[in-house]
Amino acid sequence: MTIPTSNAAAPLEAADVTAPAMPDVPPNKGGDGRSPGKLAWRRFKRDRTGVISGYVVIFFFVVAIAAPLIAKLYGKDPYTTYGQNDTSLLDDFGSPVLPNGGISSDFWFGIEPGLGRDVFTFLLYGMRNSLLIAAATTLLITVIGIAVGITAGYLGGKTDYLVGRVIDILLAFPSTLFFIAFWPVMISILVDPEENTPVWLTVVTLISVMTAFGWASIARLLRGEVLALREREFVEAAKVTGASPARIIFKELLPNLWTPILIQATLALPAYVTAEAGLAFLGVGLTSPTPDWGVMIQRGSDVYQSDITFMLFPGATMVIFVIAFNLLGDSVRDALDPKTKR
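Notes on the structure in this doc start here. For clarity, every value in this text was computed on a predicted model and none was experimentally measured.

Cut-offs used in this document
- Residues numbered from 1 in each chain as written.
- Predicted model: local features only at pLDDT ≥ 70, side-chain atom pairs only at ≥ 80, totals over all residues.
- Heavy atoms only, no water.
- Core = buried A, V, L, I, M, F, W, Y, C linked by side-chain atoms within 4.5 Å.
- Buried < 20%, exposed > 50% of the residue type's maximum accessible area, 1.4 Å probe, protein only.
- Helix = DSSP H or I, 4+ residues; strand = E, 2+ residues; numbered from the N terminus.
- Contact = heavy atoms within 4.5 Å.
- Axes fitted to C-alpha atoms, helices over the stretch in contact; angles between N-to-C directions.
- Parallel < 35°, antiparallel > 145°, perpendicular 65-115°, else oblique.
- Left-handed = near helix turned anticlockwise from the far one by under 90°.
- Nonpolar A, V, L, I, M, F, W, Y, C, P; charged D, E, K, R; others polar.
- Polar contact = N/O pair within 3.5 Å; in protein donor to acceptor, adjacent residues only side chain to side chain.

With that settled, the discussion passes to the nonpolar core. The biggest cluster of nonpolar side chains holds 61 residues, and the ones touching the most others in it are Ile133, Met210, Trp215, Val273, Trp293, Met318 and Phe321. Ranked by residues supplied to this core, first place goes to helix α7 (residues 119-155) with eleven residues. With residues up to four places along the chain from it excluded, the contact list for Ile133 reads Val203, Leu206, Ile207, Met210, Glu276 and Leu286. Tyr154, Ile218, Leu254 and Leu257 belong to the second-largest nonpolar core, a separate cluster that totals 15 residues.

Structural data, given as structure tokens:
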């Protein structure tokens, strides 16, 4: 008996079920497993303007810190009156004999009209003093603003109301006019009018006055941020687990506030550079012969009609620094908060 074989393989073919296709997996863009800080750093590195501005800012700070070493290698200092010691450098009217402010191989940026001080070393030490005052003030107002803003926002109630009124009063003051009026009062209290005010006391007093009226803006911003964050679920969960207020502030609230803190700090420092220079220009704060950006611009305003070179260097360097730091602040803001991307 013959067994038909024509359809013998049919059941086997029917049983051959094709395996389902795997779903498409989106390509890994390189952001998986990265912390917010690393992601922000990657975004910042892609911003060419921010990177270049960062290098410019770093260059200014390195030059300011290394000013004594550079001056020693250069062979001059900002206090010696070279034009008075060498009569061939200045003419009968006190102007540099050589063109372009007396620029030469011995004096790279020329010499100061009248006294004949070296402009290059005077500018180096002027940058050093201005950046020191601005950086110290920015650091202090940031620390005080963080402490006051977080405390007021977290505690709320009467504490928040009292701190809020103090902040409103401080923000209502015209800061520049108040600096001009209040700084001489502090100096007269600390130093006898017949004595010369030490430079260190001038610097400390100037930083103290600017700090006393500068922390209010960052405190107000952080207070508002904390008022919104303290009602979030993760803060309520920390309270339920019995976490102390200090732990909630440092472990839950503060990590969520670094973005506005960094943005405010990067915007505050160039503002204090120009504020300090403006005060020195008006005769409040550092005065000649102490090197300072504002002192140089004030002196340059007296002699610019006969020689603009002396004002050119401090004015140009300060403008470059302020623009670079403002661009750096914008890039930091964009990196930390991509929603604000320009």
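On to the packing of helix α15 (residues 293-303) against helix α16 (residues 309-336), then. Close contact between α15 and α16 brings their axes to 8 Å; oriented N to C, the two are set at 140 degrees. With respect to their mutual orientation, α15 and α16 come out oblique. Handedness of the crossing formed by α15 with α16: left-handed. Taking contact as the criterion, the partners of Trp293, Met296, Ile297, Arg299, Gly300 and Ser301 in α15 are, on α16, Phe310, Met311, Pro314, Gly315, Thr317, Met318 and Phe321. Residue classes in the contact of α15 with α16 are distributed as eight nonpolar, four polar and one charged.

Tracing the sequence through the fold places Asp160 in helix α8 (residues 157-172). By relative accessible area, which is 11% here, Asp160 ends up buried. Engagement of the side chain of Asp160 in a polar contact is seen with the side chain of Arg223, the distance being 2.3 Å. Once residues within four sequence positions are removed from consideration, Asp160 is found in contact with Ala152, Arg223 and Leu227.

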